[in-house]
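# A structural walkthrough
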Amino acid sequence: MTIAATSRDYSLIGRDSALAVANGLAAAEWYHTDVERKAMKALMQRSDGPAIRDTAIWIGAMVVFAGLGIWFWGSWIAVPFFLAYGVLYGSGGDSRWHECGHGTAFKTRWMNDVVYQIACFMMMRNPVTWRWSHARHHTDTIIVGRDPEISVMRPPDLLRVVLSFVGVLDVWHGLTDMVRNAAGVVSAEEKTFIPEMEQAKVVRVARIWAAIYAVTIVVAIAMGSWLPLVIVGGPRLYGAWHHVLTGLLQHGGLADNVTDHRLNSRSVLMNPVSRFIYWNMNYHVEHHMFPMVPYHALPKLHELIKHDLPAANSSMWDAYREMVPAFLRQLRNEDYFLKRELPATAKPYREELHGDAAAAE
Amino acid sequence: MGEWIEACGSDDVEEEDVIRFDHAGRVFAIYRSPDDEYFATDGLCTHEHVSLADGLVMDEIIECPKHNGRFNYKTGEAKGAPVCVNLRTYRVKVEGGAVFVEV
Ligand code: FES
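Residues numbered from 1 in each chain as written. Chains lettered and ligands numbered in written order. Predicted model: local features only at pLDDT ≥ 70, side-chain atom pairs only at ≥ 80, totals over all residues. Heavy atoms only, no water.

## Things to note about the overall build of chain B
- Scanning chain B for helices and strands turns up 0 helices and 10 strands.
- Going from the N terminus to the C terminus, chain B shows its helices and strands as β-β-β-β-β-β-β-β-β-β.
- Taken over C-alpha atoms, the radius of gyration comes to 12 Å for chain B, in line with the 13 Å a tight globule of 103 residues would show.
- In chain B, which comprises 103 residues, the proportion classed as buried is 52%.
- Long-range pairs, those at least 24 residues apart, make up 41% of the contacts in chain B with a sequence separation of at least 6.
- In the form shown here, chain B has an accessible surface area of approximately 4,600 Å², with 43% of it arising from carbon and sulfur atoms. (Helix = DSSP H or I, 4+ residues; strand = E, 2+ residues; numbered from the N terminus. Rg over C-alpha atoms; globule rule 2.2 N^0.38 Å. Buried < 20%, exposed > 50% of the residue type's maximum accessible area, 1.4 Å probe, protein only. Contact = heavy atoms within 4.5 Å. Areas by Shrake-Rupley, 256 points an atom, 1.4 Å probe, with all protein chains shown as cover.)

What follows is the structure in structure tokens.
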């Protein structure tokens, strides 16, 4: 039997957006593993300690690596220092943006806010726009036409995937959005998830950032050197690879249009360095099911609910070995996806809600 | 003047915690503060109508479990994105080991 591929419309104001609403997929009730309130309350508790320690290491390491890079500027010895600095900036910034956007990194609110603003600037993500887009990503995770943060659409655009490792398209979009917002324009798509009362803030931040980048460029020209841009903005290109390497695994090759994170998200066991850069977002099913649990408690949450989840991939390599062939199959049939097998101890997928995905082989 | 309805026993809510109370098709959240006072608000978040009783109480804040929106449960004030609309609050009294809400 041949399955006719459907063509998905990822626009937030297009056909599939309306379809998702009509089919009850928008703002739907999602599956949650049962966790006793006492245990969940303990897991949700906030504390400043782990994030202060990690932020001190993160910023301290950036200062040291950038300092050594500047010291050796003009020599090849500077390259490894800037590569290390770049990863902390262009990839570490992604996970800090994410966790502080949820407000779960620190207990103290202003600490979350400060790190959030810094990380947003590093990642060229408007702090207002992206707070709202990420809220929508959690409401309608990988629902076509609703989720603004689907990184690999179907059929996969593999050139785009490859380019994302060096941040080219993200930087292009980040800067053009910044210039457009700074000119006072909030797009029709942005208006679908940013309430009117928040839109002026989008413009204000974009103007401040545009001024910072303009000053950086003027300084670079005045110095006759690329150095200022290697320190500010540039790492979003040459340091992006790690957050793409880890981020693609979050949902890549899995189901769409379902309301069970076990079907559309992936947890992967990772080495400690990657987990530091990624702030434990490798426990991605757990994070989506319970976004109130801070990054530092995710390993405990994983232990508590793993009986109800598909087994985590044993390494990034293991996860890529299943995801890349799935992308290649989706080139021929965009309806193909990897179905996550549940352990015998898990509650089964609700076939009545997403029969195709739950029943797929 | 509203009607006083018995919502729960005073020991049904732990200190610095919240429980859900359903009445006449409406959802309420009953809070017990760290200094052992009781409060009540609408039980569904004003952002996307998620039950706040699954959230986290920290001092006088209730944080919504879905997108971490925060409200002051004593005043109902929304404390910033993604919650922009305040929560409705209700008067509460404790009598004979039971918590009553004026609905
Ligand atoms: S549903 Fe409560 S913050 Fe979104």
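## A short note on helix 11 (residues 196-223) of chain A
Residue and element names in this part refer to chain A.
- End to end, helix 11 covers 42 Å across 28 residues, agreeing with the expected 40 Å (1.5 Å per residue, within 8%).
- Elements that come into contact with the buried residues of helix 11 comprise helix 6 (109-123), helix 7 (127-139), helix 9 (168-182), helix 10 (188-193) and helix 12 (227-231).
- At the exit of helix 11 stands glycine 224, carrying a positive phi of roughly 65°. (Expected span 1.5 Å × (residues − 1).)

## Side note on the interface of chain B and chain A
- With 22 residues of chain B in contact, the opposing surface of chain A contributes 21 residues.
- Buried surface at the junction of chain B and chain A, both sides included, amounts to about 1,800 Å², of which 51% is carbon and sulfur.
- Of all residues in chain B, Leu56, Lys66 and Asn68 of chain B give up the largest surface area on contact with chain A, accounting jointly for 29% of the area buried on that side.
- The interface formed by chain B and chain A includes 5 salt bridges.
- The salt bridge involving glutamate 14 of chain B is made with lysine 38 of chain A; its shortest N-O contact spans 3.8 Å.
- Seen at the junction of chain B and chain A, the total is 11 residue pairs in polar contact (both at pLDDT 80 or more).
- Elements that contribute at least two residues to the side of chain B that touches chain A include exactly strand 2 (17-23) and strand 5 (56-58) of chain B.
- Its residues placed into classes, the side of chain B that touches chain A shows 9 nonpolar, 4 polar and 9 charged. (Buried area = accessible area lost by both parts, 1.4 Å probe. Salt bridge = Lys/Arg side-chain N within 4 Å of Asp/Glu carboxyl O. Polar contact = N/O pair within 3.5 Å; in protein donor to acceptor, adjacent residues only side chain to side chain. Nonpolar A, V, L, I, M, F, W, Y, C, P; charged D, E, K, R; others polar.)

## Quick word on the sheet that holds strand 10 (residues 98-102) of chain B
Residue and element names in this part refer to chain B.
- In spatial order, the strands read 1-10-9; together these 3 strands make up an open sheet with antiparallel pairing. Edge positions in the sheet fall to strand 1 (4-9) and strand 9 (92-95), since each has one partner strand and no second. Shown here is a sheet whose adjacent strand axes are inclined to one another by a mean of 30°, direction ignored.
- Relative to strand 10, strand 1 runs antiparallel, the two sharing 5 bridges. When the bridges of strand 10 are listed, cysteine 8 appears paired with valine 99. (Pairing = 2+ DSSP bridges. Axes fitted to C-alpha atoms, helices over the stretch in contact; angles between N-to-C directions.)

## Some thoughts on the sheet that holds strand 7 (residues 70-72) of chain B
All names here are of chain B.
- Spatially, 5-6-7 is the arrangement adopted by the 3 strands of the open sheet, whose pairing is antiparallel. Lying at the two open borders of the sheet, with one neighbouring strand each, are strand 5 and strand 7. Averaged over all pairs of adjacent strands, the angle between their axes in this sheet comes to 25°, without regard to strand direction.
- Bridging between strand 6 (residues 61-63) and strand 7 involves 3 bridges; their strand directions are antiparallel. Residue isoleucine 62 lies in a different strand from strand 7, and its bridge partner there is phenylalanine 71.

## Side note on the pairing of strand 3 (residues 26-32) of chain B
Residue and element names in this part refer to chain B.
- By the criterion of burial, strand 3 is predominantly enclosed, with 6 of the 7 residues buried.
- Connecting strand 2 to the next strand, strand 3, in antiparallel fashion are 2 residues, including alanine 24 with a positive phi near 50°.
- Hairpin connection, strand 3 to strand 4 (residues 38-42): the antiparallel pair is bridged by 5 residues, and aspartate 36 has positive phi, about 65°.

## Brief notes about the confidence of the model for chain B
- Summing up the model confidence of chain B, the mean pLDDT is 96 and the portion of residues at 70 or higher is 100%.
- On the interface metric, ipTM, the complex scores 0.90, and its pTM is 0.92. (pLDDT = per-residue confidence, 0-100.)

## Some points on the environment of arginine 236 of chain A
Residues and elements named next belong to chain A.
- Considering the arrangement of structural elements, one finds arginine 236 in helix 13 (residues 235-238).
- Put simply, arginine 236 and glycine 86 are 150 residues apart on the chain and 7.3 Å apart in space, counted from C-alpha to C-alpha.
- Those residues within four positions of arginine 236 in sequence are excluded, and the remaining contacts are Tyr89, Gly90, Met122, Met123, Met124, Arg125, Gly167, Asp170, Val171 and His243.
- Engagement of the side chain of arginine 236 in a polar contact is seen with the side chain of aspartate 170, the distance being 3.0 Å.

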